Amino acid sequence: MGSLAAADEPLPQLKYPQARRDDSIVDDYHGVLVPDPYRWMEQLDSEEVKEFVGAQAAVADAVLSTCDEHRGRLRKQLTALFDHPRFRAPFKRGVGSGSGSYYYYFHNPGLRPHSALYVQHGLGGDPSVLLDPNAFSDDGTVSLGMVGVSDAGDYLAYGTSASGSDWVTIRVMRVSDREHLPDTLNWVKFSRIAWTRDGLGFFYSRFPAPRDGEALDSGIKTDVNLNHEVYYHFLGTDQTQDVLCWRDPDHPKYIYIPEVTEDGKYVILSVSETSDPVNKLYYCDLSSLAHGLEGMKGTDGMLPFVKLVDKFEAYYGLIANDGTEFTFLTNKDAPRYKLSRVDVGEPESSWTDVLPEHDKAVLESACAVHGDKLLVNYLSDVKYVLQMRSLVTGELLHDIPIDIGTVNGISGRRVDSEVFVEFASFLTPGIIYRCDVSAEVPEMSVYREISVPGFDRNEFEAKQVFYPSKDGTKIPMFIVSKKDLNLNGSHPALLFGYGGFGMSVTPQFSVTRVVLMRHLGFVACVANVRGGGEYGEGWHRAGALASKQNCFDDFAAAGEFLVAAGYTNPTRLCIEGGSNGGLLVAACLNQRPDLFGCALAHVGVMDMLRFHKFTIGRAWTCDFGCSENEEEFHWLIKYSPLHNVRRPWEKGGRGWGGQYPPTLLLTADHDDRVVPSHTLKFLAVHVIDRPVRLWGLVPVSVTLTPMSPFRQTMQHVLRAGEEGSPQTNPIIARIERKSGHGCGRSTQKIVCSLLSSRAAATSDLVLAPVLGLNCSVLFVNAWQIDEAADRYAFAAKMMGVSWID
């Protein structure tokens with residue numbers, strides 16, 4: 001196991017802060033008593049929590065200061081390599097096609113804090129900045145959360161987010177002269193900007209304003225989000241005059257996402273309750289309103305939505321409609337997804353399959369373009385396959401060859417004769433292809449290619465392997481390294497995983513990975529553990545609920561494979577993950593501390609008994625279960641990171657005779673997705689009395705000893721010299737200020753992008769934040785450059801890795 005003995009400079013004597021314990025807080029879970037002495041850490045705005053955070057920052061600073069040599073070099077190399085132009089695929093709005101249309105796209109010339117939104121008239125027009133988020137704040141902590149351009153291209157509505165929060169404020173700009181309208185919409189969260197075709201306004205979703213005029217302050221709001229509502233906003237009016245389109249007080253946990261069909265006739269409402277890939281589907285024929293939406297002003301009535309699907313039994317995503325015939329992407333009786341069609345004008349008509357489920361590949365997305373054509377995107381063994389098919393029959397028209405990598409977005413509409421495809425891979429920084437779909441044989445040409453100065457893909461190689469997990473299941477894993485690697489077990493390795501919510505981790509380019517491979521000799525590995533969506537809903541379900549342990553077994557097996565194959569050894573194997581991946585890392589840290597030389601856990605879900613009590617955490621019970629259910633409590637208590645810290649040198653701690661590896665926990669003070677208390681409590685964790693430590697039961701009649709040695713802080717229990725502890729490896733936390741769950745971070749904070757999803761592939765700018773734990777509006781899991789330098793300098797220091805010039 002990795003230890004400080006491997007470091008080239010000893011750490012200062014660490015003095016961990018003593019956290020106050022409140023031993024009076026003991027929860028009774030179905031007859032099992034579970035102490036929670038650090039409940040006060042859930043009050044994130046309290047002075048006591050702020051003092052604890054400050055004390056932990058001092059400890060982290062003391063440790064990280066010993067890593068300065070690596071930190072400085074990493075920061076310099078990351079900054080230099082990240083200083084390159086970046087583009088997103090353009091989208092088209094305006095009258096007609098070709099020269100009559102305007103193209104909008106995001107672009108960053110290099111190290112600007114945020115990408116700006118550009119516009120140009122026609123493909124050959126001169127681009128100009130339409131909206132620059134760098135002007136939102138002096139310190140770069142206010143970001144662009146969502147955008148929506150009206151059909152005619154006259155108006156831009158956009159949402160801003162402060163300090164990485166999920167809360168958004170929507171404003172409106174006139175495109176022609178960049179003039180802002182007075183329109184300001186507050187309390188928006190988990191929403192879409194859905195313009196009506198007439199350009200008079202848009203649908204959006206929000207929560208009720210707090211009572212008594214309470215406003216959001218600089219602190220974090222952790223209350224559960226309830227009673228989502230859908231409104232229509234008319235341009236030039238006050239938010240108080242917005243038309244209430246839908247609410248359902250009988251179902252306060254429902255989340256509503258509105259979408260207007262391309263023909264402008266219908267508004268579709270997707271209704272979700274959890275992070276499960278299931279939703280209800282309502283629709284309203286806007287043309288049936290006697291006096292239009294204008295007639296709804298000042299009335300108490302809501303839109304007459306028809307409930308097309310009123311059961312949470314499958315996922316339905318709108319692809320296209322021709323009048324009353326609607327085509328949806330769905331997993332109804334198809335865990336690898338298919339396309340189905342229904343005529344809403346004939347209520348008794350049955351659903352028919354347009355494109356049946358593939359026998360192996362997952363249908364990630366479908367985009368209707370150029371009338372009756374479909375650009376479909378399959379995921380086959382974690383590699384993307386593009387095809388052109390008929391929207392009418394689903395018939396294959398053409399295969400569209402692409403390299404091994406990830407389709408990050410498809411931009412096109414039925415009125416367009418061109419499509420833009422955004423592509424990246426481990427060794428391809430990014431290519432935006434333009435495809436003329438009006439041609440008899442569509443071909444993709446390179447529209448823009450992202451070039452990183454100083455990066456030569458010929459230095460490196462990427463390959464995919466399949467390794468057996470504990471139960472024999474074959475798990476795919478990507479391994480990226482310098483070419484001609486000598487498999488002698490000496491190399492440092494970074495193993496990344498996620499494994500949850502059906503989210504797929506697919507090949508992406510990472511500046512950070514290049515620096516680590518080039519200058520620290522790292523082997524970078526991405527394990528596609530169960531719980532993700534790489535093989536459809538079956539793969540997802542195999543790592544959820546009662547089967548969640550499969551995720552941890554798969555991840556540990558990845559580490560064992562890397563050691564056995566000669567890529568690395570346990571003293572040089574670093575594991576990393578964020579959000580659900582932070583849970584993955586922390587659980588494996590508890591279960592297999594002998595296998596890893598370092599651990600980096602970002603914004604992890606650590607308290608599996610109480611996660612559902614904060615913000616949108618209730619939506620995750622579909623993947624985890626809920627402690628309020630007795631059976632599910634017994635799943636959760638077995639792996640909950642907060643409740644399973646061991647003393648690995650003791651017999652009760654499974655007798656490994658070692659210690660925990662060096663561990664860096666990372667969180668952000670404004671994370672209102674996975675609230676910081678998860679990390680703070682894990683850092684100051686109580687280890688439950690011995691029967692529960694062994695995953696047994698503590699009857700209510702058992703008296704808990706308040707000062708039991710198994711119920712101290714994690715740092716106290718594991719630190720050197722305490723009760724015979726051999727723990728010398730540091731366990732510290734880095735807490736980012738004025739930042740959130742990986743969202744809204746500036747370029748100085750953006751380093752890598754690893755997560756991909758069906759939502760991203762379909763250019764759905766709302767689905768990921770609504771349905772799970774993932775990242776920002778542009779689906780970039782972003783970390784600070786400074787933070788990246790800190791965490792990898794920490795890993796290199798702890799594992800005794802030297803710099804390579």
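Residues numbered from 1 in each chain as written. Predicted model: local features only at pLDDT ≥ 70, side-chain atom pairs only at ≥ 80, totals over all residues. Heavy atoms only, no water.

Considering the sheet that holds strand β31 (residues 444-449)
Right, so step 1: With antiparallel pairing, four strands are arranged side by side in an open sheet as β28-β29-β30-β31. Looking at the sheet topology across the chains shown, the edges are occupied by β28 (406-411) and β31. Between one strand and the next, the sheet's axes are offset by a mean angle of 30°, whatever the strand orientation. (Pairing = 2+ DSSP bridges. Helix = DSSP H or I, 4+ residues; strand = E, 2+ residues; numbered from the N terminus. Axes fitted to C-alpha atoms, helices over the stretch in contact; angles between N-to-C directions.)

So, the pairing of strand β2 (residues 32-35)
Right, so step 1: Burial along β2 is two-sided: the face carrying Val-32 and Val-34 and the face carrying Leu-33 and Pro-35 are both buried.
Right, so step 2: Direction of pairing for strand β1 (residues 26-29) relative to β2: antiparallel, over a ladder of four bridges. Residue pairing in the sheet places Asp-28 in a bridge with Leu-33 of β2.
Right, so step 3: Connecting β1 to the antiparallel partner β2 that follows it, the hairpin turn spans two residues, and His-30 within it adopts a positive phi of roughly 55°. (Buried < 20%, exposed > 50% of the residue type's maximum accessible area, 1.4 Å probe, protein only.)

Thoughts on the packing of helix α2 (residues 68-82) against helix α3 (residues 511-520)
Right, so step 1: Where α2 meets α3, the axes come as close as 10 Å, and the angle between the chain directions of the two elements is 130°. It follows that α2 is oblique to α3 by the angle criterion. Viewed along their axes, α2 and α3 form a crossing whose handedness is right-handed. In contact with His-70, Leu-74, Gln-77, Leu-78, Leu-81 and Phe-82 of α2, α3 contributes Val-511, Thr-512, Val-514, Val-515, Leu-516, Arg-518, His-519 and Leu-520.
Right, so step 2: Considering only residue class, the contact of α2 with α3 consists of nine nonpolar, four polar and one charged. (Parallel < 35°, antiparallel > 145°, perpendicular 65-115°, else oblique. Left-handed = near helix turned anticlockwise from the far one by under 90°. Contact = heavy atoms within 4.5 Å. Nonpolar A, V, L, I, M, F, W, Y, C, P; charged D, E, K, R; others polar.)

Brief notes about helix α6 (residues 580-591)
Right, so step 1: The terminal C-alpha atoms of α6 lie 17 Å apart, and with twelve residues this matches the ideal 16 Å at 1.5 Å per residue to within 8%.
Right, so step 2: In terms of burial, α6 is a largely internal element, twelve of the twelve residues being buried.
Right, so step 3: Taken residue by residue, α6 has Asn-580, Gly-581, Gly-582, Leu-583, Leu-584, Val-585, Ala-586, Ala-587, Cys-588, Leu-589, Asn-590 and Gln-591 as its buried positions. (Expected span 1.5 Å × (residues − 1).)

Some thoughts on helix α5 (residues 549-564)
Right, so step 1: An ideal rise of 1.5 Å per residue puts 22 Å on 16 residues; α5 measures up with 22 Å between its terminal C-alpha atoms.
Right, so step 2: By the burial criterion, the buried members of α5 are Asn-550, Cys-551, Phe-552, Asp-553, Asp-554, Phe-555, Ala-556, Ala-557, Ala-558, Gly-559 and Leu-562.

With respect to the pattern of salt bridges
Right, so step 1: Summed over the entire model, instances satisfying the criterion amount to 42 salt bridges.
Right, so step 2: Taking the shortest distance from any N to any O, the salt bridge between Arg-39 and Asp-27 comes out at 2.4 Å. With a gap of twelve residues between them, Arg-39 in the loop between β2 and α1 (47-64) and Asp-27 in strand β1 connect regions that are remote in the sequence.
Right, so step 3: When its relative accessible area of 17% is taken as the criterion, Arg-39 is described as buried.
Right, so step 4: Between Arg-414 and Asp-372 there is a salt bridge; the shortest N-O distance is 2.9 Å. In this pair, Arg-414 sits in the loop between β28 and β29 (418-425) while Asp-372 sits in the loop between β24 (362-369) and β25 (373-380), placing the two residues 42 residues apart along the sequence.
Right, so step 5: Among the residues examined, Asp-372 registers a relative accessible area of 41% and is labelled partly exposed.
Right, so step 6: The network of salt bridges with common partners includes Asp-27, Asp-36, Arg-39, Glu-42, Asp-607, Arg-610 and Lys-681. (Salt bridge = Lys/Arg side-chain N within 4 Å of Asp/Glu carboxyl O.)

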